[in-house]
Amino acid sequence: MLVVGGDNLIDLIELSRDDAAVSFAGVRGGSGYNTARATARQGQDVGFITPIAQDNLGHFLADKMVADGVMLLSPRSEKPSSLAVVTLVNGQPSYQFYRGDTAERQVDLPSLNAYFPKDGHAFHLTSLSIIAGVDAEAWAEFFVAKHKAGIVTALDPNVRPMLISDRESYLARLWHLMWHSDVIKLSDEDLEWIYPELSFEAACEALLAKATAKLTIITKGAEGALGYCNGNRVIVPAHPVGKLIDTVGAGDTFMGTVLSCLNGADPLTQTALSELPQANLQDVLSRAAKAAAINCGREGCDPPSSAELL
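Residues numbered from 1 in each chain as written. Predicted model: local features only at pLDDT ≥ 70, side-chain atom pairs only at ≥ 80, totals over all residues. Heavy atoms only, no water.

A.B. asks: Please set out empty space enclosed by the protein residue by residue, giving values where relevant.
C.D. replies: In the structure shown here, the tally under the stated rule is 1 cavity of 30 Å³ or more. Looking at the largest cavity, its volume works out to about 40 Å³. The wall of the largest cavity is formed by Leu-2, Val-3, Ala-122, Phe-123, His-124, Val-152, Ala-154, Leu-259 and Leu-268. At the level of elements, β1 (2-5), β8 (122-126) and β9 (152-156) are the ones that each hand at least two residues to the lining of the largest cavity. If one sorts the elements of the lining of the largest cavity by residue count, β8 sits on top with 3 residues. Grouping the constituent residues of the lining of the largest cavity by class yields 8 nonpolar, 1 polar and no charged. (1 Å grid on protein atoms, 1.4 Å probe; cavity = no way out; pocket = protein on both sides within 12 Å on 5 of 7 lines; lining within 4 Å. Points joined across faces, edges and corners; volume = space filled by probe spheres on them. Helix = DSSP H or I, 4+ residues; strand = E, 2+ residues; numbered from the N terminus. Nonpolar A, V, L, I, M, F, W, Y, C, P; charged D, E, K, R; others polar.)

A.B. asks: Outline the nonpolar core, listing residues and values.
C.D. replies: The nonpolar side chains of a soluble globular protein tend to be buried with one another. Counting residues in each nonpolar core, the largest one holds 42 residues, and the members touching the most others are Phe-123, Ile-194 and Leu-207. Of all the secondary-structure elements, those providing two or more residues to this core are β8, α4 (134-148), α5 (167-178), β10 (183-187), α6 (188-194), α7 (200-210) and β12 (225-229). Those residues in contact with Phe-123, other than ones at most four positions away along the chain, are Val-3, Val-4, Gly-5, Ile-49, Phe-116, Trp-139, Phe-142, Phe-143, Ile-151, Val-152, Thr-153 and Ala-154. Counting residues in hydrophobic clusters, the runner-up holds 27 residues, among them Ala-122, Leu-215, Leu-262 and Leu-276. (Core = buried A, V, L, I, M, F, W, Y, C linked by side-chain atoms within 4.5 Å. Buried < 20%, exposed > 50% of the residue type's maximum accessible area, 1.4 Å probe, protein only. Contact = heavy atoms within 4.5 Å.)

A.B. asks: Which residues make up the side chain of Ser-187, and what values do they have?
C.D. replies: Within the element layout of this structure, Ser-187 appears in strand β10. For Ser-187, the side chain forms a polar contact with the main-chain nitrogen of Asp-190, separated by 3.0 Å. Once residues within four sequence positions are removed from consideration, Ser-187 is found in contact with Ile-218 and Thr-219. (Polar contact = N/O pair within 3.5 Å; in protein donor to acceptor, adjacent residues only side chain to side chain.)

A.B. asks: Describe the side chain of Thr-102, listing the residues and the values that go with them.
C.D. replies: In this structure, Thr-102 sits in the loop between β7 (92-98) and α3 (109-115). Since its relative accessible area comes to 3%, Thr-102 is described here as buried. A polar side-chain atom of Thr-102 sits 2.7 Å from a polar atom in the side chain of Ser-82. Within the structure, Thr-102 has its side chain in polar contact with the backbone oxygen of Arg-99 (distance 3.0 Å). Look past the residues within four positions of Thr-102 in its chain and what remains in contact with it is Lys-79, Pro-80, Ser-81 and Ser-82.

A.B. asks: Describe α4, with residues and values.
C.D. replies: For α4, with 15 residues, the first-to-last C-alpha span of 21 Å sits near the 21 Å given by 1.5 Å per residue. Buried residues of α4: Asp-135, Ala-136, Ala-138, Trp-139, Ala-140, Phe-142, Phe-143, Val-144, Lys-146 and His-147, and no others. In the segment just after α4, Gly-150 is the residue with positive phi, at about 95°. (Expected span 1.5 Å × (residues − 1).)

A.B. asks: Which residues make up the packing of aromatic side chains, and what values do they have?
C.D. replies: The tally for this structure, following the rule as stated, stands at 8 aromatic pairs. A centroid spacing of 5.2 Å and a plane angle of 80° characterise the contact between Phe-123 and Phe-142, whose relative ring orientation is edge-to-face. Taken as a pair, Phe-123 in strand β8 and Phe-142 in helix α4 lie far apart in primary sequence, 19 residues in all. Considered together, Phe-123 and Phe-142 belong to a single accessibility category, that of buried residues. Ring geometry for Trp-175 and Tyr-195: centres 6.5 Å apart, planes at 65°, overall edge-to-face. (Phe/Tyr/Trp six-rings, centres within 6.5 Å; stacked < 30°, edge-to-face > 60°.)

A.B. asks: Can you tell me about the sheet that holds β10, naming the residues and giving the values?
C.D. replies: Reading across from one edge, β5-β4-β1-β8-β9-β10-β11-β12-β13 is the order of the 9 strands in this open sheet, with mixed pairing throughout. Edge strands, defined here as strands with exactly one partner in the open sheet, are β5 (70-72) and β13 (232-236). Sheet twist, expressed as the average angle between the axes of neighbouring strands with direction ignored, equals 20°. Note: strand β4 (residues 46-48) against β5, 3 bridges, orientation parallel. Paired with Gly-47 across the two strands is Met-71, which belongs to β5. (Pairing = 2+ DSSP bridges. Axes fitted to C-alpha atoms, helices over the stretch in contact; angles between N-to-C directions.)

A.B. asks: Report on the state of the cysteines, specifying residues and quantitative values.
C.D. replies: All told, the structure shown has 0 disulfides when counted by the stated rule. Take Cys-204: it sits in no disulfide, and the sulfur closest to it among the cysteines is that of Cys-229, at 15 Å. In this structure Cys-204 comes out as buried when scored by relative accessible area, which is 3%. Not engaged in a disulfide, the cysteine Cys-301 finds its nearest cysteine sulfur in Cys-296; these two sulfurs lie 9.9 Å apart. Judged by its relative accessible area of 12%, Cys-301 falls in the buried class. (Disulfide = S-S within 2.5 Å.)

This is the structure we're talking about:
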């Protein structure tokens with residue numbers, strides 16, 4: 001089983017406003033939530049270890065996840081669902097997050113150890129869960145322990161600068177995680193935030209010199225993606241999008257596809273990653289780019305199935 005941990009929440013997106021009211025549409029979200037669904041839709045055995053609320057919004061989240069084939073590993077929480085509110089100011093989006101004492105943050109080391117399945121051979125961690133708080137520390141400690149135990153660890157921090165109040169503390173945790181990651185995925189925006197003073201190429205070199213991952217992936221949106229593994233560098237272009245609807249969940253779909261491809265017919269192992277041929281890496285990233293493009297042709301995060309990718 002591939003196990004995913006990270007955020008699950010409801011995105012409330014402003015549709016309209018007047019003197020009387022503001023109207024919102026609520027959609028499912030969260031990087032961990034999206035990635036788990038994307039991986040499961042491609043036929044993988046996936047478990048989601050972050051608690052989901054028992055409230056009506058939690059049912060909205062959980063029902064879709066289960067329908068996509070994801071196993072909910074932790075008991076449902078009595079705490080409320082997290083919210084991300086997206087409002088428009090002069091046409092530009094403004095974000096507010098409501099995550100204090102919510103269901104997704106009810107994690108600690110004993111519970112994570114208790115609910116991680118015995119057949120779990122890979123663990124992927126994402127985004128908001130590692131920003132701050134006792135839950136972020138628990139995630140980090142658990143992640144490092146799994147890596148040391150020989151379980152493949154994958155990380156997609158999906159940096160959210162507006163939520164990071166203590167840059168140095170966050171960076172220290174991020175590097176601690178990256179030093180214990182077998183797979184790292186960063187966007188070019190993530191990389192720019194980590195190395196604001198460097199050019200893209202220089203930032204890539206700095207990251208590779210400092211991080212110890214067996215596979216490092218940098219996505220660049222419409223400019224494609226780069227992969228570094230076993231001294232090889234692979235560049236893949238973005239896959240054409242027939243009609244662009246939006247880019248919500250594209251990065252998560254990309255990562256879910258990478259995990260699905262790496263797992264393949266045989267369970268993903270640290271040794272297999274160390275021996276990944278360049279041609280295989282090219283195929284993995286190309287398939288991930290295609291999946292992300294299909295998702296961009298749909299509204300919201302709606303990852304493709306294996307059949308659709310064929």
